[in-house]
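Survey of secondary and tertiary structure
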Amino acid sequence: MILEERPDGQGAGEDSTQLQAAGSVRKGPDPLAQTQHGWLQSHRAWINQQISKELRMRTGAENLYRATSNNQVRETAALELSYVNSNLQLLKEELEGLGSGPDVHRPAGEGVTVPMIPLGLKETKELDWATPLKELISGHFGEDSASYEAEIRELEDLRQAMRTPSRDEAGLRLLAAYYNQLCFLEGRFFSPVRSLGLIFHWYDSLAGVPAQQRTLAFEKGSVLFNIGALHTQIGARQDRACAEGASRAAQAFQLAAGTFSLLRENFSQAPSPDMSTASLSTLEQLMAAQAQECVFEGLSLPALAAPHDCVAQLHLAQEAAQVAADYRLVHQAMAQPPVQDYMPASWTTLVHVKAEHFHALAHYHAAMALCNGALAAEEAVPPHEQVFQPPTAGEPPGPTLPQQPEERRELAKAHLKRAILGQEEALRLHALCGALRKVDLLQPVVAQALRRSLAKYSELEREDDFFEAAEAPDIQPKTHQKLEVKTPRLSSVKVADIFYRLGPLSVFSAKNRWQLVGPIHLTRGEGGFGFTLRGDSPVLIAAVVPGGQAAAAGLQQGDYIVSLNGQPCKWWRHAEVVARLREAGEAGVSLQVASLLPRWEPRSTGDHQPALLGPGRLLRSQRECGFEMPASTRASPRPLLVWSRKAKQGKTRGHRPPCTGGDCGTCP
């Protein structure tokens, strides 16, 4: 399927819209602005209609893909889904461009750069969080689920917004905020022995085929993939004709490579091709190569301003050879099964063209360095800069450039010849791909480089050259700014737990079981209330005095105080609870406690579900998710139930000692 072009004829509704726009143009103060605004509105409406059409086609192809058992029909449906997915990505990028302001329509001039490959975002269906969360809140947490409708609505709004993030830093923060919120949800509502019944639907970014799973790891992995894809789009949108834009683009592609590396190392048994190990490894290599290309572009800007700098031209030759070597590795990875089955053919061709183009550029810059003979003889080129070939083992490194002018001219011609052949090969490969011929800007860039090489070769050509030029040696790949992949700092986006009111995660989660006891009315006896306290958020009853008021009321060691005189106190600190107990008069206090029950032991069913970052779930700790937990919660994931034993009480380094001796008014 090919993305349809807009028909020349307009419908009646569009005609009336244009007539209204024309009437407003005659009356408005700025006819040009209002005419452009009317065109944007009309074009935006057409794009939305096309998106709706593609979504309907995707629904039909998806239903056929799921229902059929015929392999041939299934392959046809998968191919249709791939085409529809590509069209949707193009339409959404075009719609995003219309809303990005006039900067998107910059006139193309000398600053036109080689196009990059951005990834499309994974699509997902709407998800009903309300039904399973309300059942769990009322059944497991023992609270009124109706009082949490605002929190559930906030979660659903966050996921809905995450489906269509803006192509900028705000979109990255939105995706990171939802991802960090998933860390909270995983710790609170998901348990190895209890399923919420949620099914997460996501579409493959490359092939467009649907995939679904019940595990939250699939949702987290898909969001992380979109974070990497959004970094690629941000990098591709930068103006790399200036040094600042090239640097920003390189950083964006570094972050994209780091995101795919994180996903590849910690996500197993991917249900969709785009998140398989082979695919993520190829995408990581691709983004690293594009980042290295941005480094070359940044270094080439000052070199263009000073073309006679011999050392700069030599460095550029090695930088271009490094970019070409990186793209060759990417092309080899894309041409290997199973990646070649779902990687777009236009991407594979574009990578191949870039490898040939930058290999030719390496020879061109080497020739430029050789042509500057006067400077080459004076410049102190470091002996370790072996540009043309590595030194032979056992021989001392020789001079980098020939010293005789005629030798330099002949070697420069040989390099220019290889540059011309490489650029012609790049143009030939480019012409073989129909998709690149339509939308790619690489052809004029390569053609301009070819004309430049031909002009320089003609300048060096002489009438008395009767001998064939020697074969130019290969350029040694080397970079002076080797880029490393950067892992995105998701912890920099701070979020608050939406379901904060349910209590600290260390106790009040689906992984624990507890029983609410109370309210229990306690009065102060001669020795106090008959118990000692420890910890914060929530405060723990560390010991109960036999025969005391607390023991008589049924309180037990290890109970957590969750309500005091009708006020929820799950998040209160130790000092605050103690202060309220001290204020209690003869009427006493009313307490409600949570008494933990033994955990369910899940059966061993084998590792058949996708795992994300091992025991830490996609992030190693909750601190990395961008939120802070109380000190007592971070210290141990399991509640400390037995603190009254003397052996335990003697090892309290770093912990607040329990209230004893009546110093807080709560002890016997």
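Because the structure is predicted, anything quoted here is derived from the model rather than measured. (Residues numbered from 1 in each chain as written. Predicted model: local features only at pLDDT ≥ 70, side-chain atom pairs only at ≥ 80, totals over all residues. Heavy atoms only, no water.)

Quick look at the overall build of the chain
Convention followed: Helix and strand assignments follow DSSP, with helices taken as H or I runs no shorter than four residues and strands as E runs no shorter than two, numbered in order from the N terminus. Think of it in three bands: residues with accessible area under 20% of the maximum for their type are buried, residues over 50% are exposed, and the middle band is partly exposed, with areas taken using a 1.4 Å probe on protein chains only. What makes two residues a contact is simply this: any of their non-hydrogen atoms within 4.5 Å.
Secondary structure assignment for the chain yields 20 helices and 8 strands. By the burial criterion, 47% of the 668 residues in the chain qualify as buried. A sequence separation of at least 24 residues applies to 78% of the contacts in the chain between residues at least 6 apart.

A short note on the pattern of salt bridges
Selection criterion: When a carboxyl oxygen of Asp or Glu lies within 4 Å of a side-chain nitrogen of Lys or Arg, that pair is called a salt bridge.
In this structure the tally under the stated criterion is 17 salt bridges. A salt bridge links Glu126 to Arg163; its shortest N-O distance comes to 3.9 Å. One end of the pair, Glu126, is in the loop between α3 (71-98) and α4 (130-139); the other, Arg163, is in the loop between α5 (149-162) and α6 (169-189), and 37 residues separate them in sequence. Glu126 sits in the exposed class, given a relative accessible area of 63%. In this structure, a network of salt bridges that share partners links the residues Arg264, Glu265 and Glu284.

So, the nonpolar core
Quick note on the threshold: Side-chain atoms within 4.5 Å link the members of a nonpolar core, which is a set of buried Ala, Val, Leu, Ile, Met, Phe, Trp, Tyr and Cys residues.
Among the nonpolar cores identified, the biggest contains 114 residues, and Leu119, Trp129, Phe189, Phe200, Tyr327 and Phe499 are the most heavily contacted of them. Take this core: its biggest share by element is 11 residues, from α6. Judged by nonpolar contacts, the second largest core, of 20 residues, contains Leu555, Cys569, Leu591 and Val593.

Considering helix α7 (residues 216-236)
As a reminder of what qualifies: Between the first and last residue of a helix there are one fewer steps than residues, each counted as 1.5 Å, and that sum is the expected span. Between N or O atoms, a polar contact is any pair within 3.5 Å; within protein, one atom must be a potential hydrogen donor and the other a potential acceptor, and residues adjacent in sequence are included only when both atoms are from side chains.
The end-to-end C-alpha distance of α7 is 31 Å, a good match for the 30 Å that 21 residues give at a rise of 1.5 Å each. Burial runs high along α7: 20 of the 21 residues are buried. Where α7 starts, the residue carrying a side-chain oxygen 3.2 Å from the main-chain nitrogen of Ala217 turns out to be Thr215.

So, the packing of α5 against α6
This is how it is decided: Lines are fitted to the C-alpha atoms to define the axes, a helix being fitted only along its stretch in contact, and any angle between axes, read from their N-to-C directions, falls within 0 to 180 degrees. In what follows, roughly perpendicular refers to angles from 65 to 115 degrees, roughly parallel to angles under 35, roughly antiparallel to angles over 145, and oblique to any angle outside these ranges. If you view the pair so one helix is near and one far, a crossing is left-handed when the near helix is turned anticlockwise from the far one by less than a right angle, and right-handed when it is turned clockwise. Polar here means any residue other than Ala, Val, Leu, Ile, Met, Phe, Trp, Tyr, Cys and Pro, which are nonpolar, and Asp, Glu, Lys and Arg, which are charged; Gly is therefore polar.
Look at α5 against α6: their axes get within 9 Å of each other, and the N-to-C directions meet at 140 degrees. By the criterion of interaxial angle, the relationship of α5 to α6 is oblique. Here α5 runs over α6; the crossing is left-handed. Contacts between α5 and α6 involve Leu155, Leu158, Arg159, Ala161 and Met162 on the former and, on the latter, Leu174, Leu175, Ala177, Tyr178, Gln181 and Leu185. When the residues that make up the contact of α5 with α6 are grouped by side-chain class, the tally is 9 nonpolar, 1 polar and 1 charged.

A few points about the environment of Tyr500
With respect to the element layout, Tyr500 can be found in the loop between α16 (442-460) and β3 (513-522). Assessed through its relative accessible area of 41%, Tyr500 is described here as partly exposed. Between the alpha carbons of Tyr500 and Trp571 there is a distance of 9.2 Å; along the sequence they are 71 residues apart.

Brief notes about the pairing of strand β4 (residues 531-534)
Rule in force here: Strands pair, by our definition, only if DSSP identifies at least two bridges between them.
Burial along β4 is two-sided: Phe531 and Leu533 and Thr532 and Arg534, pointing in opposite directions, are all buried. Linking two consecutive strands that pair antiparallel, namely β4 and strand β5 (residues 540-544), is a turn of 5 residues; a positive phi of about 85 degrees is found at Gly535 within it.

Observations concerning unusual backbone geometry
Residue Pro338 is reached from Pro337 by a cis peptide bond, and omega for that bond is 5 degrees. The residue Pro338 is located in the loop between α10 (310-334) and α11 (339-342) in this model. In this structure, the amide linkage connecting Ser537 to the following residue, Pro538, adopts the cis form with an omega of 0 degrees. By secondary structure assignment, the location of Pro538 is in the loop between β4 and β5.

With respect to the side chain of Thr479
If you trace the backbone, Thr479 turns up in the loop between α16 and β3. By relative accessible area, Thr479 is classed as buried at 15%. A polar contact of 2.8 Å, which involves the side chain of Thr479, links it to the side chain of Gln292. Within polar-contact distance, the side chain of Thr479 engages the side chain of Glu319 at 3.0 Å. Ignoring sequence-local partners within four residues, the contact set of Thr479 consists of Gln292, Glu319 and Gln322.

Thoughts on the packing of aromatic side chains
Our working rule: Any two of the Phe, Tyr and Trp rings considered here, Trp counted by its six-membered ring, make a pair once their centres fall within 6.5 Å; the pair's planes then place it as stacked at under 30 degrees, edge-to-face at over 60, or tilted in between. Lysine and arginine charges are scored as sitting over a ring when NZ or CZ, respectively, is within 6 Å of the ring centre and within 35 degrees of the ring normal.
Taken as a whole and judged by the stated rule, the model has 9 aromatic pairs. Taking the centre distance of 5.6 Å and the plane angle of 85 degrees together, the rings of Phe296 and Phe358 count as edge-to-face. Note that Phe296 is positioned in helix α9 (residues 277-305) and Phe358 in helix α12 (residues 345-371), a separation of 62 residues in sequence. For Phe358, a relative accessible area of 2% corresponds to the buried category. Put simply, the rings of Phe141, Phe189, Phe499, Phe508 and Trp514 touch in pairs and so form one group of aromatic residues. Cation over ring: Arg452 sits above Tyr364, and NZ or CZ is 4.7 Å from the ring centre. The ring of Phe508 is capped by Lys570, whose NZ or CZ atom sits 4.6 Å from the centre of that ring.

Digging into the packing of α7 against helix α8 (residues 243-266)
In the contact formed by α7 and α8, the axes pass within 8 Å of each other and the chain directions differ by 160 degrees. Taken together, the axis directions place α7 and α8 in an arrangement best described as roughly antiparallel. Crossing of α7 over α8 shows left-handed handedness. Here α7 contributes Gly221, Leu224, Phe225, Ile227, Gly228, Ala229, His231, Thr232, Ile234, Gly235 and Ala236 to the contact with α8, which in turn contributes Ala249, Ala252, Phe253, Leu255, Ala256, Thr259, Phe260, Leu262 and Leu263. For the contact of α7 with α8, the residue count by class is 14 nonpolar, 6 polar and no charged.

Let's talk about the confidence of the model for the chain
Note the threshold: The pLDDT score gives, residue by residue, the confidence of the prediction method on a 0 to 100 scale.
Averaged over the chain, the pLDDT score is 75; the fraction of residues at 70 or greater is 70%. In this model residues 98-110 is a low-confidence stretch, pLDDT under 50, and it forms 10 contacts with partners more than four residues away in sequence or in other chains. Across residues 660-668 the pLDDT falls below 50, and counting only partners more than four positions away or on other chains, this stretch makes 29 contacts in the model.

A word on the pairing of strand β6 (residues 560-564)
The buried count for β6 comes to 5 of 5 residues, which makes it a mostly enclosed element. With 4 bridges joining them, β6 and strand β8 (residues 589-597) adopt antiparallel strand pairing. Of the residues in β8, the one forming a bridge with Ile561 is Val593. Relative to strand β7 (residues 567-568), β6 runs antiparallel, the two being bridged by 2 bridges. Considered in β7, the bridge of Ser563 is made with Pro568.

Some details on the environment of Phe189
With respect to the helices and strands, the residue Phe189 is situated in helix α6. Judged by relative accessible area, which is 1%, Phe189 ranks as buried. Separated by 319 residues in sequence, Phe189 and Phe508 have C-alpha atoms that sit 9.3 Å apart. Non-local contacts of Phe189, meaning those with residues more than four positions away in its chain, are made with Leu133, Leu136, Ile137, Phe141, Leu196, Phe499, Leu502 and Ala510.

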